[in-house]
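Each chain, letter by letter, is given below.
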Amino acid sequence: MTTVNNGRKVHRGDKAPGCPARVGADGVWHIQDYATARLFLRHTDTRQAGLGIENALRHQHRMRLPMLYRDGPEHREQRRQTARYFTPKRVESAYRDLMQRLADQQCEVLRRRGAADLSALSFQLAVAVAAEVVGLTESAPGMPQRLDRFFTIPDPAARGLAAVRQKAFNNFVMLSFLWRDVRPAVAARRRNRRDDLISHLIDEGCTLPEILGECVTFAAAGMVTTREFITVAAWHLLTDATLRERYTGGDPADRIAVLHEILRLEPVVGDLLRWTTADVAVGEVTIPSGARVEVGVAAANLDPAEAGERPRAVCPGRAVGPGLSFGDGAHKCPGAHIAIQETDIFLSRLFAMPNLRMIQEPTVTIRPDIASYEIKGLVLAV
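Residues numbered from 1 in each chain as written. Predicted model: local features only at pLDDT ≥ 70, side-chain atom pairs only at ≥ 80, totals over all residues. Heavy atoms only, no water.

S.K.: Got a minute to help me understand the overall build of the protein in this structure?
M.R.: A count of helical and extended segments in the protein gives 14 helices and 12 strands. What you see for the protein is a C-alpha radius of gyration of 21 Å, in line with the 21 Å of a compact globule of 382 residues. Across its three principal axes, the protein shows a C-alpha extent of roughly 55 × 55 × 50 Å. Across the 382 residues that make up the protein, the buried fraction comes to 51%. Considering only contacts within the protein whose residues lie at least 6 apart along the sequence, 74% involve residues at least 24 apart. With an accessible surface of roughly 17000 Å², the protein has 53% of that area assigned to carbon and sulfur atoms. Distance from the positive charge centre (50 side chains) to the negative charge centre (44 side chains) of the protein: 5 Å. (Helix = DSSP H or I, 4+ residues; strand = E, 2+ residues; numbered from the N terminus. Rg over C-alpha atoms; globule rule 2.2 N^0.38 Å. Buried < 20%, exposed > 50% of the residue type's maximum accessible area, 1.4 Å probe, protein only. Contact = heavy atoms within 4.5 Å. Areas by Shrake-Rupley, 256 points an atom, 1.4 Å probe, with all protein chains shown as cover. Lys, Arg positive; Asp, Glu negative; His and termini not counted. Charge placed at Lys NZ, Arg CZ, Asp CG, Glu CD.)

S.K.: When you look at the sheet that holds strand β9 (residues 357–360) in this model, what are you seeing that I'm missing?
M.R.: In a beta sheet, neighbouring strands pair by backbone hydrogen bonds and run either parallel or antiparallel. With antiparallel pairing, the 3 strands of this open sheet are ordered in space as β4-β12-β9. Only two strands of the sheet have a single partner each, and these edge strands are β4 (115–117) and β9. Taking each pair of neighbouring strands and ignoring which way they run, the sheet shows an average axis angle of 35°. Inspection of the sheet shows β4 paired to strand β12 (residues 379–381) by 3 bridges, in the antiparallel sense. In the strand pairing of β12, Ala115 is matched with Ala381. (Pairing = 2+ DSSP bridges. Axes fitted to C-alpha atoms, helices over the stretch in contact; angles between N-to-C directions.)

S.K.: What is the right way to look at the sheet that holds strand β8 (residues 292–296) in this model?
M.R.: In space, the 5 strands of this open sheet follow the order β1-β2-β8-β5-β3, with mixed pairing throughout. Two strands bound the open sheet, and with one partner strand each, they are β1 (22–23) and β3 (46–48). Where β3 meets strand β5 (residues 271–276), 3 bridges bridge the pair, whose relative direction is antiparallel. Its bridge partner being in β5, Arg47 is matched across the sheet by Trp275.

S.K.: Help me out: how do you make sense of the packing of helix α7 (residues 160–191) against helix α9 (residues 208–239) in this one?
M.R.: Between two packed helices, both the angle of their axes relative to each other and the distance between the axes serve to describe the pair. Orientation of α7 relative to α9, taken along the N-to-C sense of each, is 105°, at an axis distance of 10 Å. Considering the angle they form, α7 stands roughly perpendicular to α9. Across from Met174, Phe177, Leu178, Val182, Arg183 and Val186 in α7, the residues of α9 making contact are Leu208, Ile211, Leu212, Cys215 and Val216. (Parallel < 35°, antiparallel > 145°, perpendicular 65-115°, else oblique.)

S.K.: I keep staring at unusual backbone geometry and nothing clicks. Help me out?
M.R.: Most peptide bonds take the trans configuration, and most residues that are not glycine carry a negative phi. Phi is positive for Arg310, close to 50°, though the residue is something other than glycine. Within the element layout of this structure, Arg310 appears in the loop between α13 (304–307) and α14 (336–350).

S.K.: Explanation requested: the nonpolar core in the structure shown.
M.R.: A general feature of soluble globular proteins is that nonpolar side chains tend to end up buried together. In this structure, Leu136, Leu347 and Leu350 are the most contacted members of the largest nonpolar core, which totals 82 residues. Leave out the neighbours within four places in its chain, and Leu347 touches Ile230, Ala233, Ala234, Leu237, Tyr247 and Leu259. With 18 residues, the next largest nonpolar core counts Phe40, Leu41, Val280 and Ile287 among its residues. (Core = buried A, V, L, I, M, F, W, Y, C linked by side-chain atoms within 4.5 Å.)

S.K.: How do you make sense of the environment of Gln166 when you look at a structure like this?
M.R.: Tracing the chain through its elements places Gln166 in helix α7. As a C-alpha pair, Gln166 and Leu265 span 99 residues in sequence and 33 Å in three-dimensional space.

S.K.: Help me out: how do you make sense of the pairing of strand β11 (residues 372–376) in this one?
M.R.: On a regular strand, each side chain points to the face opposite its neighbour's, so the side chains alternate between the two faces of the sheet. Across the 5 residues that make up β11, a large majority, 4, are buried. Bridge count between strand β10 (residues 363–367) and β11: 5 bridges; the pairing is antiparallel. Bridge assignment links Thr365 to a residue of β11, and that residue is Glu374. What sits between β10 and β11 in their antiparallel hairpin is a turn of 4 residues, with Ala371 showing a positive phi close to 55°.

S.K.: Would you mind going over the pattern of salt bridges with me for this structure?
M.R.: Where charged atoms from two side chains of opposite charge approach closely, those side chains can pair. Summed over all chains, the structure comprises 21 salt bridges. Between Asp148 and Arg227 there is a salt bridge; the shortest N-O distance is 2.8 Å. Of this pair, Asp148 sits in helix α6 (residues 143–150) while Arg227 sits in helix α9, and the two are 79 residues apart along the sequence. A relative accessible area of 2% places Arg227 in the buried class. Residues Arg189 and Asp196 are paired through a salt bridge, measuring 2.7 Å at the closest nitrogen-oxygen approach. Residues Arg189 and Asp196 agree in their burial class; the two are buried. Via salt bridges that share partners, Asp148, Arg227, Glu228, Glu374 and Lys376 belong to a single interconnected network. (Salt bridge = Lys/Arg side-chain N within 4 Å of Asp/Glu carboxyl O.)

S.K.: Help me understand the packing of α6 against α7 in this model?
M.R.: Remark: α6 packs on α7, axes separated minimally by 9 Å, with the N-to-C direction vectors making an angle of 150°. One way to sum up the angle between α6 and α7 is to call them roughly antiparallel. Both α6 and α7 take part in a crossing whose hand is left-handed. Of α7, the residues touching α6 (which contributes Met143, Arg146, Leu147, Arg149 and Phe150) are Phe169, Asn170, Val173, Met174, Ser176, Phe177, Arg180 and Asp181. For the contact of α6 with α7, a count of residues per class yields 7 nonpolar, 2 polar and 4 charged. (Left-handed = near helix turned anticlockwise from the far one by under 90°. Nonpolar A, V, L, I, M, F, W, Y, C, P; charged D, E, K, R; others polar.)

As structure tokens, this is what we get:
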């Protein structure tokens, strides 16, 4: 295990890792240590918070909520039924060739142009892979641009007319995604089922709005987060020669170890939010029923009790792997293997390009509610 002296690129003001569960002045409970965070995320007496669930719950009596917003037996059953789309075997047999072809296409775009924004290249790749898994394959041109507008971090200071305009724009983008992407895919699969998520949802009797909800949440998970991770991983490799050499010169296991370690340091979603539905005992502390809990993933991943010595340094091969960056428990990210696989396929091809270099450093914007990051403007040249 080799330590590389290259710290984090994204700084979110993480609290001190290793702190036990405690309640803040605002009544929100905060968990910062790894063991407690993992134990809490695996507990069954909790439900989702944040991620727009408060708005979604207003519709729960009229429609089935997306899997992201459900908990309990219904959620576990839905996860069981859809797990086949995300297994390592399925990824290898159904998606590897697609990932390789798409990665080659994006590298060719960079080669042809001479310079390009990495976030744009990686988003094209992530959108196409996730679209194949979900079934969004009959879209009108421009789906990446529509989704990019939809998931742009909103202005938290927007008030009055600016807030109204922002909401109206989001509604327009949502309707555009429905009519240009979701509706054509559903229509095609009503005529002829395929082995994808939308076909499964149709067989489950889901309505068009319910399928839209699932597509939006899977798009956020499978497209936007993967784009950000590809970009931050490349940023590390571009600015650390030792780490880059280890990645480009390693076998697949070595490369995955490097990616896992970068992801441990740079989880795309830094905080996970939950409500407790009963008293939850974690260690010597009991969190009362009805409490809002913020699990600090970014801080917990730096807990030396789990990560080992020098937890803020890049050190591929740590036993903790990516830590809690994909979550844990019932809501652990089902597409973790897909995300790592497509990242490795793309970056291994990208960094094999002669004279690859960064000619513009990116800017980082933080979404404060879940401490997620958006990286834009990392321009590559060959």
